[in-house]
Amino acid sequence: MVAELKEITDTSGVDWNTKVVVETRDKKKFEIDRECVKMVHLFTEFLEDAEEGTQIELPLQEVDSEAFRCVYAYLDMYRNKEPEKLEKPLKDDLKNLVSPEDWAYVTQTLLEDGDEKKHDKLFWTLKAINFMQIEPLRDLCCAAIANMLRGKGEKEIMELFNLNEPFTPEEEEKLYQEYEWLRERKD
């Protein structure tokens, strides 16, 4: 379901009236419609301040091209429309709460073959969108993770994430240092 994304090596043919160029951490450049990046809070100031036709190259130092492809699929899907807001907390299975397009995006783009155990894309896409500040997609990814955990016990969750034993206090502290918001939730 990942949308076609035009990778370029030369920006001389870019129509700067309708396109921008995004450069990922792995130095790949992509030409995309300006409409697709309007939802990206990280880029809104660049776009608002730029005059029409201005050459805009947007660096994504924290996002590799594979993660950007997943993000772009969502941005392209909502190019000319607003995504629906997810009600929190989830009151039902995610499949019943989101549009068929969003459900297909989660199961076909973010989860390999719809298998929740093959969730790597989901997590690196979440990391990318946290950097890019795309609230609707962040909410969808977090809801997908919550949906994966729903109704599971500790053993099933450990199995889902391929963990053999619970975190040691040292491992927990390292996670709290890296993700400060976890500590806030625990307290």
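Since we're looking at a predicted model, the values are computed, not measured.

Chemist: Which parts of the structure should I look at to understand the sheet that holds strand 2 (residues 19-24)?
Modeler: Backbone-to-backbone hydrogen bonds pair the strands of a sheet. The strands run either parallel or antiparallel. The four strands lie next to each other as 1-3-2-4, forming an open sheet whose pairing is mixed. Since the sheet does not close on itself, it has two edges, and those belong to strand 1 (6-8) and strand 4 (57-60), each with one partner. When strand polarity is set aside, the average angle formed by the axes of neighbouring strands in this sheet is 35 degrees. Of the pairings in the sheet, the one linking strand 2 to strand 4 comprises four bridges and is parallel in character. Paired with Glu23 across the bridge in strand 4 is Pro59. Its contacts with the sheet put helix 1 (residues 41-49) on strand 2 and strand 4, and the angle it makes with strand 4 is roughly 160 degrees. Against the sheet, helix 2 (residues 65-77) engages strand 1, strand 2, strand 3 (29-33) and strand 4, with an angle of about 10 degrees to strand 3.

Chemist: Looking at this structure, I do not really get the pairing of strand 2. What am I missing?
Modeler: Within a regular strand, side chains alternate between the sheet's two faces. As paired elements, strand 2 and strand 3 share five bridges and run antiparallel to each other. The residue bridging Lys19 from the neighbouring strand is Asp33, located in strand 3. The turn linking strand 2 back onto strand 3 is made up of four residues, and Lys27 within it adopts a positive phi angle of 65 degrees.

Chemist: Is there a simple way to think about the pattern of salt bridges in this case?
Modeler: What the rule picks out here adds up to 14 salt bridges. A salt bridge links Lys6 to Glu31, with the nearest nitrogen and oxygen atoms 3.6 Å apart. Placement of the pair is Lys6 in strand 1 and Glu31 in strand 3, with a sequence separation of 25 residues. Assessed through its relative accessible area of 48%, Lys6 is described here as partly exposed. The class of Glu31 is buried, set by a relative accessible area of 13%. Close ionic contact of Arg138 with Asp139 constitutes a salt bridge, the shortest N to O distance being 3.0 Å. Among the residues examined, Arg138 registers a relative accessible area of 30% and is labelled partly exposed. The exposure class assigned to Asp139 is buried, which follows from its relative accessible area of 15%.

Reading the values: the criteria
Residues numbered from 1 in each chain as written. Predicted model: local features only at pLDDT ≥ 70, side-chain atom pairs only at ≥ 80, totals over all residues. Heavy atoms only, no water. Pairing = 2+ DSSP bridges. Helix = DSSP H or I, 4+ residues; strand = E, 2+ residues; numbered from the N terminus. Axes fitted to C-alpha atoms, helices over the stretch in contact; angles between N-to-C directions. Contact = heavy atoms within 4.5 Å. Salt bridge = Lys/Arg side-chain N within 4 Å of Asp/Glu carboxyl O. Buried < 20%, exposed > 50% of the residue type's maximum accessible area, 1.4 Å probe, protein only.

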